[in-house]
Amino acid sequence: GDVNSAIASLRMGLADLQSLLQAAPEDPQVGRDIALTQNSLAMVMAEAGRIDAAFECLNDAVATQRDLIGRYPDRDEYRSDQVLSQVNLGLLYQRRNNTDAAVTALAEAVESQLALLERDPDNMQYLRQIATTYNNLGGVLNDDQAAAIDNFEKSIEYYRRLVDLAETPSDYNS
């Protein structure tokens with residue numbers, strides 16, 4: 001389908017979720033689903049060139065995810081979701097040529113990813129995420145060659161850990 005129908009579908013889904021949240025305001029899964037839907041909507045909006053609307057959706061997603069992390073600090077999936085939104089926010093800032101904001105968003109994602117890895121150092125999803133985020137951070141820092149190289153090297157380090165943990169190629173892709 002086209003982008004406009006995807007946006008319409010995501011907005012309808014978001015409205016349904018917000019109705020559910022009113023009925024069950026303390027249900028963290030509904031909040032999580034709202035934030036993930038906002039994240040998806042932001043990416044589709046960005047694809048459609050609606051960058052301001054994409055920023056609004058991502059900022060709403062991050063705010064919801066931070067609230068969930070504050071209320072449920074032991075639920076790693078909320079922090080992992082927030083990492084996804086922070087990375088997307090950083091990449092959106094990069095698209096706008098706002099390097100400082102991109103670096104800040106990606107650095108926040110790295111900080112959250114390091115906290116996740118501290119709790120689960122062999123989690124392949126977390127290793128893949130942080131490797132990708134360091135790679136993105138290196139790309140954003142293309143005006144600072146030393147910092148870019150440092151982040152690319154960190155990315156490679158995490159990819160190597162990921163490869164070392166994988167016993168088979170299907171392990172690597174899981």
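Refer to the preceding data block for the structure.
What you are looking at is a predicted structure, and each value in this text was computed from that prediction instead of being measured.

*Asks:* How should I be thinking about the overall build of the chain in this particular structure?
*Replies:* The secondary structure content of the chain amounts to eight helices and zero strands. Computed over C-alpha atoms, the radius of gyration of the chain comes to 17 Å, within 12% of the 16 Å expected from 2.2 N^0.38 for 174 residues, which places it in the range of a compact globule. In terms of principal-axis extent, the alpha carbons of the chain reach across some 45 × 35 × 30 Å. Looking at the chain as a whole, 41% of its 174 residues are labelled buried. Of the contacts formed within the chain by residues at least 6 apart in sequence, a portion of 59% connects residues at least 24 apart. The distance from the centre of the 14 positive side-chain charges to the centre of the 28 negative ones in the chain is 2 Å.

*Asks:* Just to check I follow, could you spell out the environment of Arg50 for this structure?
*Replies:* Mapped onto the secondary structure, Arg50 falls in the loop between helix H2 (28-47) and helix H3 (51-71). Excluding residues within four positions of it along the chain, Arg50 makes contact with Asn4, Ile7 and Met45.

*Asks:* Where do I start with the nonpolar core in this structure?
*Replies:* In this structure, Leu117, Ile130 and Tyr158 are the most contacted members of the largest nonpolar core, which totals 22 residues. Secondary structure elements with two or more residues in this core: helix H4 (76-95), helix H5 (99-119), helix H6 (124-140) and helix H7 (145-165). Per-element accounting of this core gives the leading share, eight residues, to H6. The residues contacting Tyr158, other than those within four sequence positions of it, are Leu114, Leu117, Leu127, Ile130, Ala131 and Tyr134. The next biggest cluster of nonpolar side chains, apart from the first, holds 20 residues, and it includes Leu10, Ile34, Ala54 and Phe55.

*Asks:* Got a minute to help me understand the pattern of salt bridges in this structure?
*Replies:* Where side chains of opposite charge bring their charged atoms close, a pairing between them can arise. Summed over the entire model, instances satisfying the criterion amount to eight salt bridges. Its salt-bridge partner being Glu108, residue Arg66 comes within 2.4 Å of it at the nearest N-O pair. Of this pair, Arg66 sits in helix H3 while Glu108 sits in helix H5, and the two are 42 residues apart along the sequence. Here Glu108 falls in the partly exposed class, since its relative accessible area comes to 29%.

*Asks:* Any chance you could explain the packing of aromatic side chains here in plain terms?
*Replies:* How two aromatic rings sit relative to each other is given by the distance of their centres and the angle of their planes. What the rule picks out here adds up to three aromatic pairs. Pairing Tyr72 with Tyr78 gives two aromatic rings, centres 5.9 Å apart and planes at 65°, and the pair type is edge-to-face. Between Tyr134 and Tyr158, the ring centres sit 5.8 Å apart and the planes meet at 10°, which makes this aromatic pair stacked. Of this pair, Tyr134 sits in helix H6 while Tyr158 sits in helix H7; the two residues are 24 residues apart in sequence, bridging distant segments of the chain. Comparing Tyr134 with Tyr158 shows no difference in burial state: the two are buried.

*Asks:* Quick question: what am I supposed to make of the side chain of Asn88 here?
*Replies:* Inspection of the secondary structure puts Asn88 in helix H4. Of note is the side chain of Asn88, whose polar atom sits 3.0 Å from the side chain of Asn39. Look past the residues within four positions of Asn88 in its chain and what remains in contact with it is Asn39, Met43 and Leu58.

*Asks:* Just checking my understanding: could you explain the packing of H5 against H6 for this structure?
*Replies:* If you want to describe how two helices pack, look at the angle between their axes and the distance between the axes. The N-to-C vectors of H5 and H6 enclose an angle of 160°; their axes lie 10 Å apart at closest approach. Judged by the inter-axis angle, H5 sits roughly antiparallel to H6. Judged by the sense of rotation from one axis to the other, the crossing of H5 with H6 is left-handed. Note on element contacts: H6 touches H5 through Tyr126, Leu127, Gln129, Ile130, Thr133, Tyr134, Asn136, Leu137 and Val140, opposite Thr99, Ala102, Val103, Leu106, Ala109, Val110, Gln113, Leu114, Leu116 and Leu117. The residue inventory of the contact of H5 with H6, partitioned by class, reads 14 nonpolar, five polar and no charged.

Analysis parameters
- Residues numbered from 1 in each chain as written.
- Predicted model: local features only at pLDDT ≥ 70, side-chain atom pairs only at ≥ 80, totals over all residues.
- Heavy atoms only, no water.
- Helix = DSSP H or I, 4+ residues; strand = E, 2+ residues; numbered from the N terminus.
- Rg over C-alpha atoms; globule rule 2.2 N^0.38 Å.
- Buried < 20%, exposed > 50% of the residue type's maximum accessible area, 1.4 Å probe, protein only.
- Contact = heavy atoms within 4.5 Å.
- Lys, Arg positive; Asp, Glu negative; His and termini not counted.
- Charge placed at Lys NZ, Arg CZ, Asp CG, Glu CD.
- Core = buried A, V, L, I, M, F, W, Y, C linked by side-chain atoms within 4.5 Å.
- Salt bridge = Lys/Arg side-chain N within 4 Å of Asp/Glu carboxyl O.
- Phe/Tyr/Trp six-rings, centres within 6.5 Å; stacked < 30°, edge-to-face > 60°.
- Polar contact = N/O pair within 3.5 Å; in protein donor to acceptor, adjacent residues only side chain to side chain.
- Axes fitted to C-alpha atoms, helices over the stretch in contact; angles between N-to-C directions.
- Parallel < 35°, antiparallel > 145°, perpendicular 65-115°, else oblique.
- Left-handed = near helix turned anticlockwise from the far one by under 90°.
- Nonpolar A, V, L, I, M, F, W, Y, C, P; charged D, E, K, R; others polar.

Nothing here speaks to function; it is all geometry.
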